[in-house]
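Observations on the model geometry
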Amino acid sequence: MLKWDVGFDLIHILLFLIPPYVANAAPVVLGGGAPIDLGRRTWDGRRILGDGKTIRGLVAGLVAGFTAGFVEAYAVGEGTLLTIAILSSCGAMAGDIIGSFVKRRLNVERGRPSLVMDQLLFIVLAIACAYPVLSVQTPDILLPESVLFILLFTYVMHRAMNIVANRMGLKKVPW
Ligand code: CTP
Ligand code: MG
């Protein structure tokens, strides 16, 4: 019908993406203080997660993601959006932490880029954690073309936002 009708509901996808994006971005502004790993190291002698993953950043990310979901649920009048946001925000923060864990084990220094870990793992885990609710409520988000769109869009958005954050002086490096 419409030229931009791409076969899946972009509004559903954007509503889904906002809370995990907010959860992932909030720590850059609000993080700091004690690291989650409390400075401890693993068997390889390197930090478990590193100084880039702080307790305050984790809490801020979760609260910010839940808040975004609450605002969405209220605005749209659909309570399930809050449930999905809670699951996806937890997934996003878990993905961020797992990414740092894997980066440290691969001897990638804190703050050095890694395509999969930095840009995509958080959104993959966000989808995975919200899967049980998405599959019932908005299954169109789980279509292969939707997931592919989400991965490409997230990569572009992540790159763009990190360049902006770098220019604004929020991040030392543009990734
Ligand atoms: N941040 C935080 N707590 C978190 C996640 C992020 O305080 N749980 C803050 C840190 O200041 C971090 C910044 O947000 O430096 C950017 O996050 P990210 O790019 O995920 O961390 P990196 O510093 O790149 O570290 P890593 O190599 O472990 O990803
Ligand atoms: Mg980084």
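Going by the structure above, here's the rest.
How each quantity is defined
Position numbers for residues start from 1 in each chain and track the written sequence from start to end. The order in which chains are written sets their letters, starting at A; the order in which ligands are written sets their numbers, starting at 1. Local features in a predicted model are, by the rule used here, given only for residues with pLDDT of at least 70; side-chain atom pairs are given and counted only at 80 or more, and totals for whole chains, interfaces and linings are based on all residues. Note: side-chain values were computed over all heavy atoms of the structure, leaving out hydrogens and water. Should a side-chain nitrogen of Lys or Arg be within 4 Å of a carboxyl oxygen of Asp or Glu, the pair is scored as a salt bridge. Secondary structure elements are taken from DSSP: a helix is a run of H or I of four residues or more, a strand is a run of E of two residues or more, and numbering for both begins at the N terminus. Type-normalised accessible area, obtained with a 1.4 Å probe on protein chains alone, sets the label of each residue: buried when under 20%, exposed when over 50%, and partly exposed for intermediate values. Summary of the distance rule: residues count as near a molecule or strand when at least one heavy atom falls within 4 Å of that molecule or strand. Here a polar contact is recorded for every N or O atom pair within 3.5 Å, except that within protein the pair must consist of a potential hydrogen donor and a potential acceptor, and residues adjacent in sequence are included only if both atoms are side-chain atoms. Using a 1.4 Å probe, the Shrake-Rupley method yields the accessible areas, and only the shown protein chains count as cover for residues. Classes in brief: Ala, Val, Leu, Ile, Met, Phe, Trp, Tyr, Cys and Pro nonpolar; Asp, Glu, Lys and Arg charged; the others, Gly included, polar.

**Re the pattern of salt bridges**
- Under the definition given, this model contains 6 salt bridges.
- A salt bridge links Arg 105 to Asp 44; its shortest N-O distance comes to 2.7 Å. In this pair, Arg 105 is assigned in helix H3 (residues 80–105) and Asp 44 in the loop between helix H1 (10–30) and helix H2 (55–76), connecting sequence segments 61 residues apart.
- Overall, Arg 105 belongs to the buried group, its relative accessible area being 16%.
- Measuring nitrogen to oxygen at the nearest pair gives 3.2 Å for the salt bridge that ties Lys 53 to Asp 96.

**Remarks on unusual backbone geometry**
- Notably, Leu 38 is not glycine yet its phi reads approximately 50°, a positive angle.
- Considering the arrangement of structural elements, one finds Leu 38 in the loop between H1 and H2.
- Taking relative accessible area as the criterion, Leu 38 reaches 52% and is therefore assigned exposed.

**Description of the site of ligand 1**
- Close to ligand 1 lie 18 residues; Thr 54, Ser 100, Arg 104, Arg 110 and Gly 111 are nearest.
- In this structure, an oxygen atom belonging to ligand 1 sits 2.8 Å away from a side-chain N or O atom of Lys 53.
- Taking Lys 103, its side chain carries an N or O atom lying 2.9 Å from an oxygen atom of ligand 1.
- Coverage of ligand 1 by the protein amounts to 86% of the 570 Å² it exposes when considered alone.
- Counting only elements with at least two residues in the shell around ligand 1, the list comes to H1, H2 and H3.
- By residue number, the principal contributor to the shell around ligand 1 is H3, which donates 4 residues.
- Taken together, the residues of the shell around ligand 1 sort by class into 3 nonpolar, 7 polar and 8 charged.

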